[in-house]
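Tertiary structure, described
Below are the chains, spelled out letter by letter.
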Amino acid sequence: MARALLLFSEGLDSLLAGLLLKDQGIEVYAIRFITPFFGWHLKDDLTPFENKIRELGFSCGIIKDITEDFLAILKNPRHGYGCLANPCIYCKILMLRIAKDLMSELSADFIVTGEVLGERPMSQNRQALEIIERESLTKGILLRPLSARLLPETEVEKKGLVVRSKLLAIKGRQRTEQLRLAKEYGLKEIPTPAGGCLLTDPIIGGRTLEVLKRDLPLTVDTAKFLVLGRHYIDGNTWCVLGRNEEENKKIIALACGKFPLFTLSEPAPVLCLIHGEMEEERVFEVLASRSKKTKLAISEGREVKLCAVRG
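Below is a short write-up of the structure. (Residues numbered from 1 in each chain as written. Predicted model: local features only at pLDDT ≥ 70, side-chain atom pairs only at ≥ 80, totals over all residues. Heavy atoms only, no water.)

Description of the nonpolar core
Membership of the largest hydrophobic core comes to 50 residues, with the highest contact counts inside it found for Leu-5, Leu-7, Phe-37, Phe-70, Ile-251 and Cys-272. Sorting the residues of this core by element identifies strand 1 (3-7), strand 2 (27-34), helix 3 (67-75), helix 4 (88-106), helix 5 (126-135), strand 7 (237-241), helix 10 (245-255) and strand 9 (271-275) as the ones contributing at least two each. Residues contacting Phe-37, with those up to four places away along its chain left out, are Phe-70, Leu-71, Leu-74, Gly-196, Cys-197, Leu-198, Leu-199, Thr-208, Ala-223, Leu-226 and Val-227. Ranked by size, the runner-up nonpolar core spans 34 residues in total, among them Leu-12, Leu-16, Ala-17 and Leu-20. (Core = buried A, V, L, I, M, F, W, Y, C linked by side-chain atoms within 4.5 Å. Buried < 20%, exposed > 50% of the residue type's maximum accessible area, 1.4 Å probe, protein only. Helix = DSSP H or I, 4+ residues; strand = E, 2+ residues; numbered from the N terminus. Contact = heavy atoms within 4.5 Å.)

Okay, structure coming up:
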């Protein structure tokens, strides 16, 4: 029995790509790449992923953290960014290269993605698909089942590992065919068409570009802060404030003794100084500006103190 290594984003396209191959009697090993910008929730709880793999009938589900490699390309993506800080083309190249390296270990015969010709104008046009295949060194072993009949025949098809006539010829941004297939397969939940990468979010993507532009340290530790809180970036100084109690707890956990934390004696956010220096007066001002109770205490002449927080 042939075995396919599926790049599984949990989106509808990759889900259908896996099901199409399962229908042909192929073992599907679904690999979910994660970074703080996509799939990171699985760090805390694998149950939803495991349930999804079982529900779809895939043979195996794998989670792989690629944060370090991803940050390297985020700082200097060979093929540029998408709408914001999303390095879509080089990101897919990176994932395919890693998947290719795993093929021997997992005894996989080929790699599968849910890419659809013309669905995403930057990363899924014909030229981009050719670049991705060439630079990931996966020519001949990369199968795109949803658009396979519109693309050159792969070695996978020539060898008879899959039946080309049972693959699809979907193109464009309309999801009519995908939704029809989802209904045919009886899928209970249909994922939204959004890509799921937080770097396409105007706020998160915007602040990430600002960090990159100012050459502030973007590491595995600092990247985790980018997806939450309210950020202040001024010159060489970068800090983040929690917007609610849940975010305050997350910031304290992420700081983990590596970054200084502050709050006020009145109810106020937690401030984490990620990089640079801030005078205590400035830290106080930033925190007070986000605390109604601090403003009230000051107006009533009560003393409010700046406090260090233990991570």
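Notes on helix 5
Note: α-helices contain 3.6 residues per turn, so residues at a spacing of three or four share the same orientation. Those residues of helix 5 that fall on the buried side of the exposure criterion are Ala-128, Leu-129, Ile-131, Ile-132, Glu-133 and Glu-135. Looking one or two residues past helix 5, Leu-137 carries a phi angle of roughly 60°, positive in sign.

Points about the packing of aromatic side chains
For the structure shown, the criterion picks out 5 aromatic pairs. Consider the rings of Phe-8 and Phe-58, whose centres lie 5.8 Å apart with planes at 85°: the pair is edge-to-face. Separated by 50 residues along the polypeptide, Phe-8 in the loop between strand 1 and helix 1 (12-23) and Phe-58 in the loop between helix 2 (47-56) and strand 3 (60-65) bring together distant segments of the chain. Of the two residues, Phe-8 and Phe-58, both sit in the buried class. An angle of 90° between the planes, with centres 5.4 Å apart, marks the rings of Phe-225 and Phe-259 as edge-to-face. Of the two residues, Phe-225 sits in the loop between helix 9 (220-223) and strand 6 (230-234) while Phe-259 sits in the loop between helix 10 and strand 8 (261-264), which places them 34 residues apart along the sequence. For the pair Phe-225 and Phe-259, a shared accessibility class is recorded, and that class is buried. Clustering of aromatic rings is evident, with ring pairs tying together Phe-8, Phe-49 and Phe-58. (Phe/Tyr/Trp six-rings, centres within 6.5 Å; stacked < 30°, edge-to-face > 60°.)

Brief notes about helix 1
Given a rise of 1.5 Å per residue, 12 residues ought to cover 16 Å, and the 16 Å separating the end C-alpha atoms of helix 1 matches this to within 8%. Counting buried positions along helix 1 yields 10 of 12 residues, so the element is predominantly enclosed. Within the span of helix 1, buried status applies to Leu-12, Asp-13, Ser-14, Leu-15, Leu-16, Ala-17, Gly-18, Leu-19, Leu-20 and Leu-21. Close packing links the buried residues of helix 1 with strand 1, strand 2, helix 2, strand 4 (110-112), strand 5 (142-143) and helix 7 (176-184). Directly after helix 1, the chain includes Gly-25, whose backbone phi takes a positive value near 80°. (Expected span 1.5 Å × (residues − 1).)

Here's the deal with unusual backbone geometry
Here the phi dihedral of Glu-10 falls at roughly 75°; this positive angle occurs in a residue that is not glycine. Considering the arrangement of structural elements, one finds Glu-10 in the loop between strand 1 and helix 1. Its identity is not glycine, yet Cys-256 carries a phi of approximately 45°, on the positive side. Structurally, Cys-256 is set in the loop between helix 10 and strand 8. Overall, Cys-256 belongs to the exposed group, its relative accessible area being 52%.

Observations regarding the pairing of strand 9
Within strand 9, 4 of the 5 residues are buried, which leaves the element mostly enclosed by the surrounding structure. Strand direction decides the pairing type here: strand 7 and strand 9, joined by 4 bridges, are antiparallel. Residue Trp-238 lies in a different strand from strand 9, and its bridge partner there is His-275. Sheet analysis places strand 8 next to strand 9, joined by 2 bridges and oriented antiparallel. Looking at the pairing, Phe-262 lines up with Leu-271 of strand 9. The hairpin turn running from strand 8 into strand 9, its antiparallel successor, is 6 residues long. (Pairing = 2+ DSSP bridges.)

Quick look at the state of the cysteines
A complete count under the given rule lists 0 disulfides for this structure. Between Cys-88, a free cysteine, and Cys-197, which holds the nearest cysteine sulfur, the sulfur-to-sulfur gap is 6.7 Å. Left without a disulfide partner, Cys-307 is nearest to the cysteine sulfur of Cys-272, which lies 16 Å away. According to the relative accessible area criterion, Cys-307 is partly exposed, its value standing at 26%. (Disulfide = S-S within 2.5 Å.)

What about the side chain of Thr-154?
Here Thr-154 shows up in the loop between strand 5 and helix 6 (155-158). Looking at Thr-154, the relative accessible area reads 9%, which means it is buried. Engagement of the side chain of Thr-154 in a polar contact is seen with the side chain of Glu-157, the distance being 2.7 Å. If we ignore the near neighbours within four places in the chain, the residues touching Thr-154 are Gly-140, Leu-142 and Leu-143. (Polar contact = N/O pair within 3.5 Å; in protein donor to acceptor, adjacent residues only side chain to side chain.)

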